[in-house]
Amino acid sequence: MPVEEFVAGWISGALGLVLGHPFDTVKVRLQTQTTYRGIVDCMVKTYRHESLLGFFKGMSFPIASIAVVNSVLFGVYSNALLALTATSHQERRAQPPSYTHVFIAGCTGGFLQAYCLAPFDLIKVRLQNQTEPRAKPGSPPPRYRGPVHCAASIFQAEGPRGLFRGAWALTLRDTPTLGIYFVTYEWLCRQFTPDGQTPSSGTVLVAGGFAGITSWVAATPLDVIKSRMQMAGLKQRAYGGLLDCMVSSARQEGLGVFFRGLTINSARAFPVNAVTFLSYEHLLLSWG
Ligand SMILES: CN(C)C(=N)NCCC[C@H](N)C(=O)O
């Protein structure tokens, strides 16, 4: 099993993550709290109350987790394609796989990465939703002191299953949308690259960026539900399950609730995924 794809996936994911985290914090807050009037209001309030650091809350854990998550995604995707088409990453430009194979390999990568991502994503969302400024003398301490404390508190209160809160919604979000992600990337690369040649850096940037946007547009409705399930019982009301969360969110806030965070998700998705794909392709090319 080729391992370069796993390592390239990790490094490229980390680069994209740092770039996209401030957007991600604004998105999570817009999706789970009703105190903000929109993106700008959320950014201004975050900056005023928490300074620039507020945008980077909850980032240390995803940085650590991206080693697992993105390497599983890209490694499984590439190895699934190898199993389906018997071609390595280098051979795929000369013998491009069918879009069906790309989609199946993407869904497989998405499904497996969702389970690795679930506990890390839960902790990230919980920390991002702590809007208290950094500990000031006299002010009540935030519920979680950091990622390890957050993980330990959830584990103590709910056992190991607690760490997988929202995992179902996450799996439903990521399985098909990662198929869409890789199909969009492949399709755009092929449109702008002569047959058999390697796509230019510009093509990879644009194709990666649009793959990110397309997949996140498709993912946003379940992303909202996932974030709400992860916050259920804390700042959110508790839900009877995924369906209950969908129905009661739609009843109370209208169908528009499923598109909360769509603009910020798309704005974040372009740079993050342009950088992720560019570094991934360059790393694999330089390792031959
Ligand atoms: C729609 N979904 C779930 C994705 N496209 N997932 C792939 C993640 C890529 C990058 N780390 C990001 O966070 O955008």
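Because the structure is a prediction, the values reported are computed rather than measured. (Residues numbered from 1 in each chain as written. Predicted model: local features only at pLDDT ≥ 70, side-chain atom pairs only at ≥ 80, totals over all residues. Heavy atoms only, no water.)

Visitor: Help me out: how do you make sense of the packing of helix α7 (residues 201-231) against helix α8 (residues 242-253) in this one?
Guide: Any two packed helices are characterised by the angle at which their axes cross and by the distance between the axes. It is at 10 Å that the axes of α7 and α8 come closest, and there the two elements cross at 105 degrees. With respect to α8, the element α7 is oriented roughly perpendicular. Residue-level inspection shows Leu222, Ile225, Arg228 and Met229 of α7 in contact with α8, the latter providing Leu242, Cys245, Met246, Ser249 and Glu253. (Axes fitted to C-alpha atoms, helices over the stretch in contact; angles between N-to-C directions. Helix = DSSP H or I, 4+ residues; strand = E, 2+ residues; numbered from the N terminus. Parallel < 35°, antiparallel > 145°, perpendicular 65-115°, else oblique. Contact = heavy atoms within 4.5 Å.)

Visitor: Sorry if this is basic, but what is going on with the pattern of salt bridges here?
Guide: Two side chains with opposite charge may pair up if their charged atoms get near one another. Under the counting rule described, the total for this entry stands at 19 salt bridges. Arginine 173 is the salt-bridge partner of aspartate 223, the closest N and O atoms lying 2.6 Å from each other. Of this pair, aspartate 223 sits in helix α7 while arginine 173 sits in helix α6 (residues 167-191), and the two are 50 residues apart along the sequence. Summarising the burial analysis for this pair, aspartate 223 and arginine 173 share the class buried. Among the ionic pairs, arginine 190 bridges to glutamate 186, the shortest N-O distance being 3.2 Å. (Salt bridge = Lys/Arg side-chain N within 4 Å of Asp/Glu carboxyl O. Buried < 20%, exposed > 50% of the residue type's maximum accessible area, 1.4 Å probe, protein only.)

Visitor: Is there a simple way to think about the site of the ligand in this case?
Guide: Taken together, Arg173, Asp174, Thr177, Leu178, Tyr181, Ser215, Trp216, Ala219, Arg268, Val272 and Asn273 make up all the residues around the ligand. In this structure, serine 215 approaches the ligand through a side-chain N or O atom, which is 3.0 Å from a nitrogen atom. Within the side chain of asparagine 273, one N or O atom sits 3.0 Å away from an oxygen atom of the ligand. At the level of secondary structure, the elements contributing two or more residues to the shell around the ligand comprise α6, α7 and α9 (262-286). With five residues, α6 is the single largest residue contributor to the shell around the ligand. A breakdown of the residues in the shell around the ligand according to their chemical character gives five nonpolar, three polar and three charged. (Near = heavy atom within 4 Å. Polar contact = N/O pair within 3.5 Å; in protein donor to acceptor, adjacent residues only side chain to side chain. Nonpolar A, V, L, I, M, F, W, Y, C, P; charged D, E, K, R; others polar.)

Keep in mind that these numbers describe shape and distance, not what the molecule does.
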